[in-house]
Each structure stands twice: as structure tokens, then as C-alpha cells.
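Coordinate inspection notes
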Amino acid sequence: MSDLREAAPDFGAIIIGDELLSGRREDKHLAKVVELLKARGLRLASARYVGDERPRLVQTLRESFASGDIVFSFGGIGATPDDHTRQAAAEALGLPLALHPEAEAEIRGRFGDETTPQRLQMGVYPVGSAIIPNPYNRIPGFSIRQHFFVPGFPVMAWPMVEWVLDTHFAHLHHRTDYVERSILVWEALEGKLIDLMETLTADYPDLTLFSLPCFGGDEVRRHVELGMKGSAARVDEAMARIVAEVARRGYRWDAPGADASAA
């Protein structure tokens, strides 16, 4: 099998912050990292939300480092007392913390004579880390052991994640033969399509079937989004089967994105 058909490594996300778990802030990172990966032919395999509690964060990072996945971690790398990510990463790896010389240069370049020991703390990382450039304000993130730590602020974090993907993992872009395709089956009940799903699952064991029902309401029509995930040629074959069988059963269908407004 050619390299183009080999699976890419798994990508994960860790999203950190008490404010997300309490509802004071709404997370936007998960949807964005999915979007950034998808644009490059990659996909997210896991995501975890963790509060600013250092023991739990240390345990989460220990498990994550042991996974072998490529992981983006959002939040908690500032210098205030409630930021624990840098320290937790060092503890999880059993490494000391030290001021990174490139980070120090960036921070001094940003603040000049107003550089303080507190600001320099933002450049203190586990020993062996590399910096992630921050195009917004020059305060870097850091990476170690295939984990990439960026701030919680989207205006900083998202360009930094893009830089990582395009600088370190361009060789993985669009390498895997993988697509997701589906149709919206109008006025369908999921239970009425289970036999079709079972047949497809048996006939296409190399693909993943998915079914997402919507029960409808005042502003949306009842429907089931029915689709397959896997290699393009096989997905096309399976989707042709789905379309033909759905039509044979008398259902109307459309591609995703069609108007689902209730009639």
C-alpha cells in the first residue's frame, strides 16, 4: 500500500479553563481545530476539557503524552496564579522548568524596558521545549513531545495552530484517502432505516456508517442525515447504494446544507 493510503497520526485537543466548565465562557477552539485539520485532509481523534486544577491537569497530560498522539493544548500558559499548564506539563514529564532563550528574546522584544520578571515567566517552559511563534503579540507558545501549547485567546491560538500544522506537518496534509459524505433523508425515522444501515455495515466493513436524526420542530423538518466515512471510491459506491435504496423506499432526499425549514 502506498504512503498516500497510510493513515495519518491521530490528532487530539486539550482545552483548559475553569471558565469553560462553569459556563462563564463558551469554547470556540474545538470547532476551529476541527476546521483547520479538515482543510488539510486531517481529522481530530479526541478532545478533552480540563479545569485549572493542577493535579487533574498533570494526570490529563501524563495520559496524553503517553498516547503518542499529536495534541494541541489551549489555555493556561500565562503568568497569572491561575495558569498552571506550563508547570503541569513539566511535572507530567518529570522535567524542570527554565526560561527559554528564544522566548526571552521575543518577550524582551515585545516589552523592551517594560520587561518584568513576571512577564518573563511566560517564557518559562519544560526543559527541551521549542517555541511556537505568536504573530499577535510575540509572546510564544511552546511544544514538547508532539504536544503544542498555545494561549486560550483565539486571536493568538488559531494562527499558531495553523503555523504548527503547516510548518511541522505539511507532509501529512491530504495524505490519507478519507472522505465523509451524506444525504438528508426527509421525514424519515431512524428506526425505519436500521435494516439498511445493518446491510451497509456488513457490506462495507472498511467504512464507517453514521446516522444523525433530527426530530423536527417549528423551524426544521424531520430528517435523518445518513452517510459513510472512509476511502473515496468505496464511500462513493456505498452512497450510490444509499441513494438508490432511499429513493426506492419513497423518501425524498437532499445533500447536506439544503433548506431544512419546516413546511
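So, how was this worked out
Residues numbered from 1 in each chain as written. Predicted model: local features only at pLDDT ≥ 70, side-chain atom pairs only at ≥ 80, totals over all residues. Heavy atoms only, no water. Pairing = 2+ DSSP bridges. Helix = DSSP H or I, 4+ residues; strand = E, 2+ residues; numbered from the N terminus. Contact = heavy atoms within 4.5 Å. Axes fitted to C-alpha atoms, helices over the stretch in contact; angles between N-to-C directions. Buried < 20%, exposed > 50% of the residue type's maximum accessible area, 1.4 Å probe, protein only. Phe/Tyr/Trp six-rings, centres within 6.5 Å; stacked < 30°, edge-to-face > 60°. Salt bridge = Lys/Arg side-chain N within 4 Å of Asp/Glu carboxyl O.

**So, the sheet that holds strand 12 (residues 253-254)**
Strands pair in a sheet through their backbones, by hydrogen bonds, and they do so in one of two ways: parallel or antiparallel. A sheet is described by the order of its strands in space; here four strands give the open sequence 10-11-9-12, paired in antiparallel fashion. In this open sheet, the two strands that pair with only one neighbour each are strand 10 (208-214) and strand 12. Pairing of strand 10 with strand 11 (residues 223-230), which is carried by seven bridges, proceeds in the antiparallel orientation. Across the sheet, Cys214 pairs through a bridge with His223, a residue of strand 11. Across the face of the sheet, helix 8 (residues 194-203) comes into contact with strand 10 and strand 11 while running at roughly 160 degrees to strand 10.

**As for the side chain of Ser73**
The residue Ser73 is located in strand 3 (residues 70-74) in this model. Exposure remark for Ser73: the relative accessible area of 1% places this residue in the buried category. Beyond its immediate sequence surroundings of up to four residues, Ser73 is in contact with Ile14, Ile16, Thr85, Phe148, Phe149 and Val150.

**Describing the packing of aromatic side chains**
Inspection of the entire model under this criterion finds six aromatic pairs. Relative to Phe149, the ring of Phe142 lies with its centre 4.5 Å away and its plane at 10 degrees, an arrangement referred to as stacked. Note on accessibility: Phe142 and Phe149 belong to one class, buried. Between Phe148 and Phe169, the ring centres sit 5.7 Å apart and the planes meet at 85 degrees, which makes this aromatic pair edge-to-face. With Phe148 in strand 8 (residues 147-150) and Phe169 in the loop between helix 7 (154-168) and strand 9 (179-186), the pair connects residues that are 21 residues apart, well separated along the chain. Here the two residues Phe148 and Phe169 agree in accessibility, since each one is buried.

**Structural notes on the pattern of salt bridges**
Taken as a whole and judged by the stated rule, the model has 15 salt bridges. Asp236 is the salt-bridge partner of Arg181, the closest N and O atoms lying 2.2 Å from each other. Of this pair, Arg181 sits in strand 9 while Asp236 is found in helix 9 (residues 232-248), placing the two residues 55 residues apart along the sequence. A relative accessible area of 32% places Arg181 in the partly exposed class. Two residues, Asp203 and Arg241, come together in a salt bridge whose shortest N-O distance is 2.8 Å. Residue Asp203 is found in helix 8, and its partner Arg241 is found in helix 9; the two are separated by 38 residues along the sequence. When its relative accessible area of 35% is taken as the criterion, Arg241 is described as partly exposed. What you see here is one network of salt bridges that share partners, running through Asp195, Glu245, Arg248 and Arg249.

**Description of the sheet that holds strand 6 (residues 130-132)**
Taken in spatial order, the six strands make up an open sheet running 2-1-3-8-7-6, and their pairing is mixed. Each edge of the sheet is formed by a strand with only one pairing partner; in this case those strands are strand 2 (44-50) and strand 6. Pairwise comparison of adjacent strand axes, ignoring direction, gives a mean angle of 20 degrees for this sheet. Where strand 3 meets strand 8, four bridges bridge the pair, whose relative direction is parallel. When the bridges of strand 8 are listed, Phe74 appears paired with Val150. Along the sheet face, helix 4 (residues 85-93) touches strand 1 (11-16), strand 3, strand 7 (141-144) and strand 8 and points at about 10 degrees away from the line of strand 7.

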